Amino acid sequence: MKQRRLIGLFVVSVTVVAALLISSQTVLISAKNGTAPAQEGQKGDHRQKGDDGHKGDREEPPPPPYNPYPFGILPADLNSEIARVLREVDNIEGEALAQLRALPPPTLTGQPPILAHTGQRLNVLVGKALNFDRNISPFKDRACAFCHMPYVGFSGPIPSVNLTMVAYPGSFQFRAGKRTAQRYTYAPSFPVLDFNDTQQAFFGGNFWDSRATGYLLGSPDANQAQGPPVDTQEHALPDTACIAFRLQSAVYKSFFIELWGDDIDTIKFPHNTEDICETPGGASIFGTDTMPIKLSSSDRAIANHVYDHWGQSIDQYETSPDVSAFSSKFDAFLHAPTTNPLSADEKAGYDLFRGKANCNSCHLDGRSTAPSPTAPHSEDTGTAADTRPVFTCFGSANLGLPLNPRDAFYYQTTPDFFGFTANPFGFGYRDLGLGTFLRSGFGSWASPNDDWTQFAPSSDGQMQTSSARNVAMTPPQCPTTEAPGPYFQKEFFHNGYIKSLKQLVHFYNTRDVAAFQFNVTSGHCPAGTTEKVDCWPMPEVKNNEDMTVGMLGLTDTEENQIVAFLQTLTDGFTRFYPDINTFTGMCMTCSPATDPNCSPSRQGNGFLIPTPPLPPCASAVCGVAPLPSPPIP
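Keep in mind the model is a prediction, meaning the values are calculated, not measured. (Residues numbered from 1 in each chain as written. Predicted model: local features only at pLDDT ≥ 70, side-chain atom pairs only at ≥ 80, totals over all residues. Heavy atoms only, no water.)

Draft legend 1. Geometry of the environment of Gln412. Assignment of secondary structure puts Gln412 in the loop between strand S7 (396-397) and helix H11 (434-438). A C-alpha to C-alpha distance of 9.6 Å links Gln412 and Gly177, two positions 235 residues apart in sequence. Beyond its immediate stretch of four places on either side in the chain, Gln412 contacts Tyr66, Pro68, Tyr69, Arg175, Ala176, Gly177, Gln233, Thr421, Ala422 and Asn423. Within the local environment of Gln412, its side chain forms a polar contact with the backbone oxygen of Ala176, the two atoms lying 2.7 Å apart. Polar contacts involving the side chain of Gln412 include one to the main-chain carbonyl oxygen of Ala408, which spans 3.4 Å. (Helix = DSSP H or I, 4+ residues; strand = E, 2+ residues; numbered from the N terminus. Contact = heavy atoms within 4.5 Å. Polar contact = N/O pair within 3.5 Å; in protein donor to acceptor, adjacent residues only side chain to side chain.)

Draft legend 2. Focus on empty space enclosed by the protein. Counting across every chain of the model gives seven cavities of 30 Å³ or more. Here the largest cavity defines a volume of roughly 700 Å³. Those elements that provide at least two residues to the lining of the largest cavity are strand S8 (463-464), helix H12 (501-510) and helix H13 (556-566). In this structure, the second largest cavity occupies an estimated 130 Å³ of space. At the level of secondary structure, the elements contributing two or more residues to the lining of the second largest cavity comprise helix H4 (220-225) and helix H8 (297-319). Residues of the lining of the second largest cavity, tallied by class, amount to 10 nonpolar, six polar and three charged. (1 Å grid on protein atoms, 1.4 Å probe; cavity = no way out; pocket = protein on both sides within 12 Å on 5 of 7 lines; lining within 4 Å. Points joined across faces, edges and corners; volume = space filled by probe spheres on them. Nonpolar A, V, L, I, M, F, W, Y, C, P; charged D, E, K, R; others polar.)

Draft legend 3. Local environment of unusual backbone geometry. Between Gly485 and the following residue, Pro486, the backbone shows a cis peptide bond with an omega angle of 10°. Considering the arrangement of structural elements, one finds Pro486 in the loop between S8 and H12. Backbone torsion omega between Ala625 and Pro626 reads -5°, so that peptide bond is classified as cis. Tracing the backbone through its elements, the reader meets Pro626 in the segment after helix H14 (619-622). The phi torsion at Asn358 lies on the positive side, around 65°, for a residue other than glycine. Considering the arrangement of structural elements, one finds Asn358 in the loop between helix H10 (344-353) and S7. On the accessibility criterion, Asn358 (16% relative accessible area) is buried. (Buried < 20%, exposed > 50% of the residue type's maximum accessible area, 1.4 Å probe, protein only.)

Dropping the structure here:
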């Protein structure tokens, strides 16, 4: 038995918190050679030390799930859906390992040294293995891919989560983040974050709030990959060195070494490292220590380099055609418009997209934009740019979305089993997006550039303009995002408020129509109106609203035509999209005859809940200098 043993921490059941007496000498929950706890709906470790590939059973029971949520926030099928996705993750990881073993080894040659012939593919496949390895979490139950599966454009793979709690449950259930899982596809195209003096705006970075700037690695996407492993709400490792520690026993370690060198094996980890890495970040026992694994300076430097290589390999996987494929119907149309024409509705939607609807002002397609919306029927006769259209400007905007009271983050106001409270402000939290990051504020990262701080007030509420590519991607057996289906329920925008592409386009179209605007919060639209149809609740953050959209004058038919065009941006048309067939869940269906919300316009409305009376924005969020202007209520 280990000498230093956890006697107790904090136990939380819903909203009742009971403190247990703990030993001052304890470190973490772990038994010698024991596996991490396999919480309900999860499997234990299956690829760690031991002659048979197993580490044996834990001596302690798993910590109870953290459940501070009112009834209905967590979907009823959450445990079974978690188990499903974990099986799919394991299957794709097995595929990645088979691909690595079948790959002819590269030849190291030249100055500078190059891994010739198959070096690039090796990096891609190592990145794939890293992305689908769920051992990279305290309880060995969360891979990066758990929130980002291929069949939905590497976004959220659980329809019921997309319909209810918005953010995905992390390694310690049921901690969850505060935003939707962004798509991986085309994220590597975003440049290093920078402020453009001419346009007085920020461009680049990764994450919704652009906090993965890429300032150190030169790649925001690689920088982004370094976030989830140590995010308290996601993988929740308490120290970045846990990555190197877990990689020392990874089944694909030899390929990682072939790519990045063998210094990973020189790190001398302390005897309590497994204990530390089996405890989620934020645990009260760590205090404010972000490096609880006590390494020598040289070993810490090597562990940091390993962590950089982790992000770089995942970036190369996401950059590759395995993820960012440029294989959509639209790409085929660009290549040979006569041979691969768009349908009448798709072509009409494309003309609206770059014309009357003004989508192309932010989701750039590399083509010229018609002079609409002042001339809605004009025809674009400009010359196309010689570029691969990524359908984003790489900037950020505040679209004026209402606060979504279903977001699990609002309810994580009490300490969990490990004494960690994710959101002490409850509904006093406001998501200021880029503005919070520029202030190095609560829930974001520290900014690496103090010169940017002055621009926080003009950036409050802004979220990254994601690529429109693969916004409509679904598993083949669920061919659409739109009810009645069979459809795959997705969530759109940073807070998952929108549940269909029809609603998305309708929001852009009618947000500022006077008859549709109400000074209410979600769930409180007046009688006689329907939320998301002819009632839009007030924005969560009114500052810096993007006024290029909101009252576009599109007809219902034109909205539908834009949806049809967005569906042409799904990869897999010109060649098979890797791992698109790995979904093993159920599609959703509904009957308009029996369900009043069975339409793209009202999709998900049966799960609307009333927003509680909102307290003022917490001073830790809205009281950080430079102050929002005007003040945010």
